[in-house]
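For reference, the chains in residue letters:
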Amino acid sequence: MAIGFVGLGIMGTPMALRLLRAGTDLVVWNRSPHRCGPLERAGARIAANPAEVFDSCSAVILMLSDEAAADAVLGRTAEGEVAVGVAGRTVVHMGTIAPAASRSLGADIEAAGGRYVEAPVSGSRGPAEEGTLVAMLAGDPEPVAEAARIIAPLCADQVVCGPVPAALTLKLAVNTFLITLVTGLAEAFHFAERQGLDPGLLARVLDAGPMASAVSRAKADKLVSGDFAPQAAVTDVFKNSRLVVEAARAAGAAAPLMEACLRAFADADRSGHGGRDMAAVIEALRAADPGPAPERASAPAPPPSGRG
């Protein structure tokens, strides 16, 4: 049988296209039908509704924004009943939701006769296009092995984490590093900006030094150029920051950096930057300034490289 894919957003579209190009027989559905166009042109079959996806597929990947979106797709009620036909199907949940919510969702799918696998990924749109995501998988061994085979074209590596919700818990730990890294980078550029420095010089030093990474280089380019076309959008990172902070509070774990990041991304989202790349969190820092920035000092610097 075919594989289903539901959720064609910033990440979902390149992931689904990658699966198609790897030869996967794919059936897709998205709440906004216009997003299905590129998939249909690439050879996917377009379902009329989520139930049709489950009826025609042995496994269905969900790449959705939150738990409410997953509930809507599955027709899941407050009592835990699942309306679509998950019996005999493997549901591969690749979105980021709270670990406790994932455990509950998995239990309801299994009660309805389905199999449930967590498979959140580390990476943004660029790695999704390149097939270099890192997947974290959790669930029973047999469906995890099935999910690993299905999503292999998307991944540079796959890490089996144990039972649900171990994968999503690990994803929140990964997000803690990513979000604090990018927020710190934005703050460094904001500091340089307020001192009148040329941001190209800062990017050059960071790019040549031991702290450089694919993430720092891509986000530094955005901060230099002001091109905030989204790889990972502010709204999504705000949500993920909230999930990390809530999980830390529930566990009694100190998370002062993530508490600060949560406030910054909340401010950026509230100020109308939600659809821009997460590097646009610098706008929240600019908005908090007491006055205008000084004139930038002139200094020779190479142009940004244009990386993601």
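See the structure printed just above.
With respect to the overall build of the protein
Argument step 1. Secondary structure assignment for the protein yields 13 helices and 9 strands.
Argument step 2. The globule rule puts the C-alpha radius of gyration for 308 residues at 19 Å, and the 21 Å found for the protein is close to it.
Argument step 3. Oriented by its inertia axes, the alpha-carbon framework of the protein measures out at about 65 × 45 × 35 Å.
Argument step 4. Within the span of the protein, comprising 308 residues, buried residues form 47% of the whole.

Quick look at the packing of helix 8 (residues 166-194) against helix 12 (residues 256-273)
Argument step 1. In contact at an axis separation of 10 Å, helix 8 and helix 12 are set at 65 degrees when each is read in the N-to-C sense. Classified by chirality, the crossing of helix 12 by helix 8 is left-handed. Listed contacts from helix 12 to T176, I179, T180 and T183 of helix 8 are L257, M258, C261 and F265.
Argument step 2. Partitioned by chemical class, the residues of the contact of helix 8 with helix 12 number 5 nonpolar, 3 polar and no charged.

A closer look at helix 8
Argument step 1. Given a rise of 1.5 Å per residue, 29 residues ought to cover 42 Å, and the 42 Å separating the end C-alpha atoms of helix 8 matches this to within 8%.
Argument step 2. G196 lies just past helix 8 and shows a positive phi near 80 degrees.

Comments concerning the layout of surface pockets
Empty space among the atoms becomes visible once a probe the size of a water molecule is rolled across them.
Argument step 1. When its volume is computed, the second largest pocket comes out at roughly 270 Å³.
Argument step 2. Lining the second largest pocket are 16 residues, and of these L172, L243, V244, A247 and A248 lie nearest its centre.
Argument step 3. Of all elements in the fold, only helix 5 (99-111), helix 8 and helix 11 (234-251) reach the threshold of two or more residues within the lining of the second largest pocket.
Argument step 4. No other element matches helix 11, which puts 5 residues into the lining of the second largest pocket.
Argument step 5. Here the lining of the second largest pocket is composed, by residue class, of 13 nonpolar, 2 polar and 1 charged.

Here's the deal with the environment of A188
Argument step 1. Within the secondary structure, A188 sits in helix 8.
Argument step 2. Along the sequence, A188 and P199 sit 11 residues apart, while their C-alpha atoms lie 9.5 Å from each other.

Definitions and limits used
Residues numbered from 1 in each chain as written. Predicted model: local features only at pLDDT ≥ 70, side-chain atom pairs only at ≥ 80, totals over all residues. Heavy atoms only, no water. Helix = DSSP H or I, 4+ residues; strand = E, 2+ residues; numbered from the N terminus. Rg over C-alpha atoms; globule rule 2.2 N^0.38 Å. Buried < 20%, exposed > 50% of the residue type's maximum accessible area, 1.4 Å probe, protein only. Axes fitted to C-alpha atoms, helices over the stretch in contact; angles between N-to-C directions. Left-handed = near helix turned anticlockwise from the far one by under 90°. Contact = heavy atoms within 4.5 Å. Nonpolar A, V, L, I, M, F, W, Y, C, P; charged D, E, K, R; others polar. Expected span 1.5 Å × (residues − 1). 1 Å grid on protein atoms, 1.4 Å probe; cavity = no way out; pocket = protein on both sides within 12 Å on 5 of 7 lines; lining within 4 Å. Points joined across faces, edges and corners; volume = space filled by probe spheres on them.

Limitation: the analysis is restricted to geometry and does not speak to function.
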